[in-house]
Amino acid sequence: VTGLADLADRFGTPLYVYDLDRVAAARNDLRAALPAGFDLFYAIKANPHPDVAAVLREGGCRAEISSTGELLTALTAGFRAGECLYTGPGKTDAELDEVIGAGVRLFSAESPSDLARIGRAARRQRVLAECVLRINGTTGAATGIRMTGRPSQFGIDVETLPEVLPGLLAVPGARVVGAHFFTLSNAADEAALIAEFTSVVELAAGLNRELGLPLEFLDIGGGFAAPYAVPGERPGYPNLRAELEHALDLHLPDWRSDRPRLTCESGRYLVADSGVLLSRVVNVKISRGSRFVVLDAGINALGGLSGLGRLLPVAVRLDDPGQTETASLVGPLCTPGDMLGRDIRLPALDVGDLVTVPNIGAYGLTASLLAFLGRPAPAEVTLRGGTPHSVSTVDLRRVYRQP
Ligand SMILES: Cc1ncc(COP(=O)(O)O)c(C=O)c1O
């Protein structure tokens with residue numbers, strides 16, 4: 001088994017390391033936490049590394065994608081286009097032409113106009129697109145990163161369905177096969193997640209019964225949680241399976257015969273704890289009495305979605321904290337925004353020391369400001385059985401081509 005320090009010496013820093021065995025373990029844990037017969041979509045946006053995605057494919061996951069780039073990742077990882085669910089509120093004609101041409105057939109429609117656009121694109125290629133209507137319900141039980149349950153670019157407002165549904169069912173080129181809910185990400189705890197799924201199942205069944213919303217297929221969404229760039233374990237969901245079965249028995253009694261076919265989605269839970277980022281201290285300076293520890297990885301490599309202020313402060317693992325001191329942990333970029341932790345407790349770090357950011361396998365590298373300031377992308381190493389399985393670097397050379 002290769003240690004992290006050895007990997008940093010061998011491949012340089014900053015370095016992302018993904019342990020594929022941990023991806024497989026998370027996948028197995030999540031499958032075991034769900035009722036039998038549930039399909040699981042891997043949200044490629046969480047980590048598009050093809051080896052990571054391939055482990056999920058091997059475990060029977062399908063892929064949730066929302067760009068032509070994610071389709072390419074999915075195909076590289078071994079998914080078939082026909083296994084993918086294509087989502088997103090801003091689908092363009094050109095991208096729909098491309099992905100339908102490549103064989104994608106299942107789409108989440110985020111609005112009536114989105115559904116019409118999908119239908120037109122399918123007709124241009126003389127195929128039928130199967131569509132799930134993403135529903136924006138009026139309430140939401142759980143706390144987490146909420147995506148619907150309020151005015152949103154995601155989903156069709158549930159209260160408009162009585163009026164718009166007949167038209168949606170008649171859109172040429174698009175066959176409405178069911179409903180899609182993705183109400184939140186990173187639910188606070190198991191009880192919150194169960195409450196959310198229960199209300200989704202109840203709402204879907206009611207829409208089917210009262211409005212005739214087709215329900216061959218029901219994607220209840222996700223919200224499975226994981227720590228982000230701080231120490232900690234991904235949660236277990238010991239009660240989810242029984243509680244979800246109970247809700248399904250109550251509201252959708254034929255679910256055990258695949259009526260509807262059921263799925264849910266996860267990104268972070270499946271991959272977060274597989275990844276660490278290794279970075280080295282390149283400089284330490286004192287400015288007017290304040291200490292700044294400068295790393296070779298900043299918000300170009302870490303701190304995905306840092307614009308949303310989700311990251312600060314990063315936690316630095318203190319295996320042997322020894323003496324600690326207060327300092328600001330910053331990256332190498334020429335912007336005061338490249339601040340990973342302001343005046344935080346750190347070990348007494350010196351130039352050349354290795355710093356480990358844990359639980360960064362989801363929304364790490366590709367959710368960061370990778371192209372900002374033109375630094376090369378960190379290498380990414382995958383491990384199997386504790387030893388390197390692949391090494392690669394995303395190519396960010398600034399080669400401008402004429403279209
Ligand atoms: C439609 C959809 N599915 C799945 C996900 C993955 O979320 P998470 O990584 O929290 O599981 C997202 C995240 O934004 C999403 O928008």
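The rules we used
Residues numbered from 1 in each chain as written. Predicted model: local features only at pLDDT ≥ 70, side-chain atom pairs only at ≥ 80, totals over all residues. Heavy atoms only, no water. Near = heavy atom within 4 Å. Areas by Shrake-Rupley, 256 points an atom, 1.4 Å probe, with all protein chains shown as cover. Helix = DSSP H or I, 4+ residues; strand = E, 2+ residues; numbered from the N terminus. Polar contact = N/O pair within 3.5 Å; in protein donor to acceptor, adjacent residues only side chain to side chain. Contact = heavy atoms within 4.5 Å. Buried < 20%, exposed > 50% of the residue type's maximum accessible area, 1.4 Å probe, protein only. Arc of directions from axis to C-beta. Core = buried A, V, L, I, M, F, W, Y, C linked by side-chain atoms within 4.5 Å. 1 Å grid on protein atoms, 1.4 Å probe; cavity = no way out; pocket = protein on both sides within 12 Å on 5 of 7 lines; lining within 4 Å. Points joined across faces, edges and corners; volume = space filled by probe spheres on them. Nonpolar A, V, L, I, M, F, W, Y, C, P; charged D, E, K, R; others polar. Salt bridge = Lys/Arg side-chain N within 4 Å of Asp/Glu carboxyl O. Axes fitted to C-alpha atoms, helices over the stretch in contact; angles between N-to-C directions. Parallel < 35°, antiparallel > 145°, perpendicular 65-115°, else oblique. Left-handed = near helix turned anticlockwise from the far one by under 90°. Expected span 1.5 Å × (residues − 1).

### Regarding the site of the ligand
- Looking at the ligand, there are 12 residues lining it, with Ser185, Glu265, Gly267, Arg268 and Tyr363 nearest.
- The fraction of the free accessible surface of the ligand (400 Å²) that becomes covered by protein chains is 92%.

### Overview of the side chain of histidine 180
- Looking at where histidine 180 falls in the secondary structure, it is placed in strand S9 (residues 174-180).
- Side-chain polar atoms of histidine 180 contact the side chain of serine 108, separated by 2.7 Å.
- Here histidine 180 is in contact with Thr87, Ser108, Val132, Leu133, Arg134, Ile135, Asp219 and Glu265, once residues within four sequence places are set aside.

### Examining unusual backbone geometry
- Proline 14 follows threonine 13 through a cis peptide bond whose omega is -5°.
- Looking at where proline 14 falls in the secondary structure, it is placed in the loop between helix H1 (4-11) and strand S1 (15-19).
- In this structure, the amide linkage connecting arginine 259 to the following residue, proline 260, adopts the cis form with an omega of 0°.
- Here proline 260 shows up in the loop between helix H9 (240-251) and strand S12 (261-266).
- Positive phi is not limited to glycine here, since arginine 288 has a value of about 50°.
- Positionally, arginine 288 belongs in the loop between strand S13 (275-287) and strand S14 (290-295).
- Not every positive phi belongs to a glycine, and aspartate 343 is a case in point at roughly 50°.
- Looking at where aspartate 343 falls in the secondary structure, it is placed in strand S16 (residues 339-347).
- In this structure aspartate 343 comes out as partly exposed when scored by relative accessible area, which is 49%.

### Here we look at helix H7 (residues 161-169)
- Among all positions in H7, only Leu161, Leu165 and Leu168 are buried. Buried residues of H7, viewed axially, fall in a sector of 70°; they line one side. More than 90 degrees from the buried face of H7, the exposed residues found are Glu163 and Pro166.
- At its buried positions, H7 is contacted by helix H6 (112-124), strand S6 (129-136), strand S8 (156-157), S9 and helix H8 (190-211).

### Overview of the nonpolar core
- Among the nonpolar cores identified, the biggest contains 107 residues, and Tyr42, Phe107, Leu133 and Phe224 are the most heavily contacted of them.
- Element by element, the count of residues in this core is highest for H8, at eight residues.
- Ignoring any residue separated from it by four or fewer positions in sequence, one finds tyrosine 42 in contact with Asn47, Val52, Ala53, Leu56, Cys61, Arg62, Ala63, Glu64, Ser266, Gly267, Leu270 and Val271.
- Judged by nonpolar contacts, the second largest core, of nine residues, contains Ala8, Leu15, Val381 and Leu383.

### Some points on empty space enclosed by the protein
- In this structure the tally under the stated criterion is one cavity of 30 Å³ or more.
- Taken as a whole, the largest cavity spans an internal volume of roughly 40 Å³.
- Forming the boundary of the largest cavity are Tyr18, Ala46, Asn47, Pro48, Ile360, Gly361, Tyr363, Gly364, Leu365, Thr366 and Glu380.
- Across the lining of the largest cavity, the residue classes tally to six nonpolar, four polar and one charged.

### Topic: the pattern of salt bridges
- Counted under the stated rule, the structure contains 19 salt bridges.
- For aspartate 249, the salt bridge goes to arginine 256, with nearest N and O atoms at 3.0 Å.
- Its relative accessible area of 36% is what places aspartate 249 among the partly exposed residues.
- Judged by its relative accessible area of 54%, arginine 256 is exposed.
- Where salt bridges share partners, they join Arg22, Asp29, Arg234 and Asp273 into one cluster.

### Comments concerning the packing of helix H5 (residues 93-101) against H6
- Two numbers describe how H5 lies on H6: the axes approach to 9 Å, and their chain directions differ by 50°. One finds that H5 runs oblique with respect to H6. Remark: the crossing between H5 and H6 carries right-handed chirality. Side by side, H5 and H6 meet where Asp93, Leu96, Asp97 and Ile100 of the first sit next to Arg117, Ile118, Ala121, Ala122 and Arg124 of the second.

### Some thoughts on the packing of helix H2 (residues 20-33) against helix H3 (residues 50-58)
- In contact at an axis separation of 9 Å, H2 and H3 are set at 35° when each is read in the N-to-C sense. Every pair of crossing elements has a handedness; the one defined by H2 and H3 is right-handed. Only Asp51, Val52, Val55, Leu56 and Glu58 of H3 make contact with H2, whose side of the interface consists of Leu20, Val23, Ala24 and Arg27.
- Residue composition of the contact of H2 with H3, by class: six nonpolar, no polar and three charged.

### Observations concerning the environment of asparagine 186
- With respect to the secondary-structure elements, asparagine 186 resides in the loop between strand S10 (184-185) and H8.
- Separated by 82 residues in the primary sequence, asparagine 186 and arginine 268 have C-alpha atoms spaced 7.9 Å apart.
- In this structure the side chain of asparagine 186 is engaged in a polar contact, spanning 3.2 Å, whose partner is the backbone nitrogen of alanine 226.

### Quick notes on H2
- With 14 residues, H2 extends 20 Å between its outermost C-alpha atoms, agreeing within 8% with the 20 Å of an ideal straight helix rising 1.5 Å per residue.
- Regarding H2, the residues found buried are Leu20, Val23, Ala24, Ala26, Arg27, Leu30 and Ala33.
- Two or three places before aspartate 21, at the opening of H2, aspartate 19 has a side-chain oxygen 2.9 Å from that residue's backbone nitrogen.

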